[in-house]
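Structure assessment
Below, each chain spelled out in residue letters.
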Amino acid sequence: MLSLLVLISGGGSNLRALLEATATGDYPARVIAVGSDNHAEGLAHAEEFGIPVFVVEPGSFDSRDAWGRELLARIEGYSPDLVVCAGFMRILPPVVVAALTPRLINTHPALLPAFPGAHAVRDALAAGVETTGVTVHVIDEGVDTGPVIVQESVRVEPGDTEHDLHERIKTVERQLLVQAVRDIADGVVDLKETAAR
């Protein structure tokens, strides 16, 4: 049974998808804790499922590295097999990445390497592409530059607003994340092998 620690910054819809998957009984992973960089509304999902939560706010620290060291200490206190950034909107400091990768994955609402960064959906619309999508990848020290685990396309429809497109992407993103974690737990995906590519 793969133990997961999930990091979020917002509403936690990806977290909710993982929690619902683990509640089915045949899912080979379980969420053991949820962390955030703020008092995110998505922490309520964890509390509903009886999962412990913690918050490490960057503003409480003198430096990004100090925040990273505390975040890493809180994560390592749970000894997770895998850390999932599911809508976690901060770039992790090198100390965190070095300690956890390749057991550190992220979802991103675009087909990387296209449209990295915080505004991927807006950027895809601005570029006029016909297709965007979702990527689950290993986190490295770059911004959305880590090795790709799996991707799925989402068509951009005529007249799409950023909100419309993002909602369709989120639906795919939830399913893809749940499947990716299952594949990691079942050994279908080897993160060390993926990271070595």
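Residues numbered from 1 in each chain as written. Predicted model: local features only at pLDDT ≥ 70, side-chain atom pairs only at ≥ 80, totals over all residues. Heavy atoms only, no water.

Here strand 4 (residues 82-85) shows a buried face lined by Leu82 and Val84 and a second buried face lined by Val83 and Cys85. Relative to strand 4, strand 1 (residues 2-8) is paired through four bridges, and the arrangement is parallel. Residue Val6 lies in a different strand from strand 4, and its bridge partner there is Val84. Note: strand 4 against strand 5 (residues 104-108), three bridges, orientation parallel. In the strand pairing of strand 5, Val83 is matched with Leu104. (Buried < 20%, exposed > 50% of the residue type's maximum accessible area, 1.4 Å probe, protein only. Helix = DSSP H or I, 4+ residues; strand = E, 2+ residues; numbered from the N terminus. Pairing = 2+ DSSP bridges.)

Turning our eyes to something else, we now look at unusual backbone geometry. One can expect most non-glycine residues to show negative phi and most peptide bonds to be in trans. Look at the link from Thr101 to Pro102: it is a cis peptide, with omega at 5°. Mapped onto the elements of the fold, Pro102 is located in the loop between helix 4 (94-100) and strand 5. Here the residue pair Leu112 and Pro113 is connected by a cis peptide bond, since its omega of 10° sits within 30 degrees of zero. Notably, Ser79 is not glycine yet its phi reads approximately 50°, a positive angle. Relative to the helices and strands, Ser79 is located in the loop between helix 3 (64-76) and strand 4. Residues other than glycine seldom take positive phi values, yet Phe115 does so here, at roughly 55°.

Attention shifts here to the sheet that holds strand 2 (residues 29-36). Taken in spatial order, the seven strands line up as 3-2-1-4-5-6-7 in an open sheet, and their pairing is mixed. In this open sheet, the two strands that pair with only one neighbour each are strand 3 (53-55) and strand 7 (148-155). In this sheet, adjacent strand axes meet at a mean angle of 20° when their direction is disregarded. Contacting strand 1, strand 2, strand 4 and strand 5, helix 1 (residues 13-22) runs over the sheet at an angle of about 155° to strand 2. (Axes fitted to C-alpha atoms, helices over the stretch in contact; angles between N-to-C directions. Contact = heavy atoms within 4.5 Å.)

Right, let's get into helix 5 (residues 120-127). Residues Ala120, Val121 and Ala124 constitute the buried set of helix 5. Angularly, the buried residues of helix 5 cover 100° about the axis, an arc narrow enough to put them on a single face. On its buried side, helix 5 packs onto strand 5, strand 6 (131-138) and helix 6 (162-186). The first or second residue beyond helix 5 is Gly128, which carries a positive phi of 75°. (Arc of directions from axis to C-beta.)

Right, let's get into the packing of helix 5 against helix 6. Where helix 5 meets helix 6, the closest approach of the two axes is 9 Å, and the angle between their N-to-C directions is 120°. Regarding the angle of helix 5 to helix 6, the classification is oblique. Both helix 5 and helix 6 take part in a crossing whose hand is right-handed. Here Val121, Arg122 and Leu125 of helix 5 lie close against helix 6, whose contacting residues are Glu162, Leu165, His166 and Ile169. The residue makeup of the contact of helix 5 with helix 6, split by class, is four nonpolar, one polar and two charged. (Parallel < 35°, antiparallel > 145°, perpendicular 65-115°, else oblique. Left-handed = near helix turned anticlockwise from the far one by under 90°. Nonpolar A, V, L, I, M, F, W, Y, C, P; charged D, E, K, R; others polar.)

So, to be careful, I would describe these as geometric facts and stop short of saying anything about function.
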